[in-house]
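As a plain string of letters, each chain reads:
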Amino acid sequence: MEAVEFEVDSKKGIIRIPPKYKNLYSKHLKLIALFPHRKIASASNRKYCFDDLVGKLKWTGDPVEEQRRLRNEWK
């Protein structure tokens with residue numbers, strides 16, 4: 001499979017292939033359309049409920065000592 005990339009505006013559902021790629025005219029093509037995302041809400045407007053994650057991790061021990069132990073494994 002071969003790929004080419006170009007940007008074009010669609011008009012009334014029609015996408016015109018640029019003349020540069022006229023070898024693609026009247027060919028079967030697989031089209032993947034990429035388009036700009038809609039405006040994303042700011043971080044202060046986004047909310048996520050962490051209730052389903054509460055209590056999933058129970059750490060016993062000293063995290064700093066554990067990190068040092070893991071680092072020493074590479075020596």
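In every chain, residue numbers begin from 1 and rise along the written sequence. Per-residue local features are limited, in this predicted model, to residues with pLDDT of at least 70; the limit for side-chain atom pairs, both in listing and counting, is 80 or more; totals at the level of whole chains, interfaces and linings are taken over all residues. With hydrogens and water set aside, each side-chain value is computed from the structure's full complement of heavy atoms.

## Focus: the overall build of the protein chain
- By the criteria applied, helices consist of DSSP H or I runs no shorter than four residues and strands consist of E runs no shorter than two, each listed in order from the N terminus. Along the backbone of the protein chain there are 1 helix and 0 strands.
- Carbon together with sulfur atoms contributes 56% to the accessible area of the protein chain, which is approximately 8700 Å² in total. Only the protein chains shown count as cover for residues, with accessible areas throughout obtained via the Shrake-Rupley method and a probe of 1.4 Å.

## Brief notes about the environment of Glu65
- On the secondary structure map, Glu65 appears in helix α1 (residues 63–72).
- Counted as a polar contact is a pair of N or O atoms within 3.5 Å, where, for protein atoms, one must be capable of donating a hydrogen and the other of accepting one, and residues adjacent in sequence contribute only when both atoms are in side chains. Side-chain polar atoms of Glu65 contact the side chain of Arg68, separated by 3.1 Å.

## Details of the pattern of salt bridges
- Think of a salt bridge as a Lys or Arg side-chain nitrogen and an Asp or Glu carboxyl oxygen that are within 4 Å of each other. Applying the stated criterion to the full structure yields 3 salt bridges.
- Here Glu65 makes a salt bridge to Arg68, at a shortest N to O gap of 3.1 Å. In this pair, Glu65 and Arg68 both sit in helix α1, 3 residues apart, roughly one turn of the helix.
- Between Arg69 and Glu66 there is a salt bridge whose closest N-O contact spans 2.5 Å. Pair noted here: Arg69 and Glu66 are both in helix α1, with a separation of 3 residues, about one helical turn.
- Residue exposure (1.4 Å probe, protein chains only): buried if accessible area is under 20% of the type maximum, exposed if over 50%, otherwise partly exposed. Given a relative accessible area of 25%, Glu66 falls into the partly exposed group.

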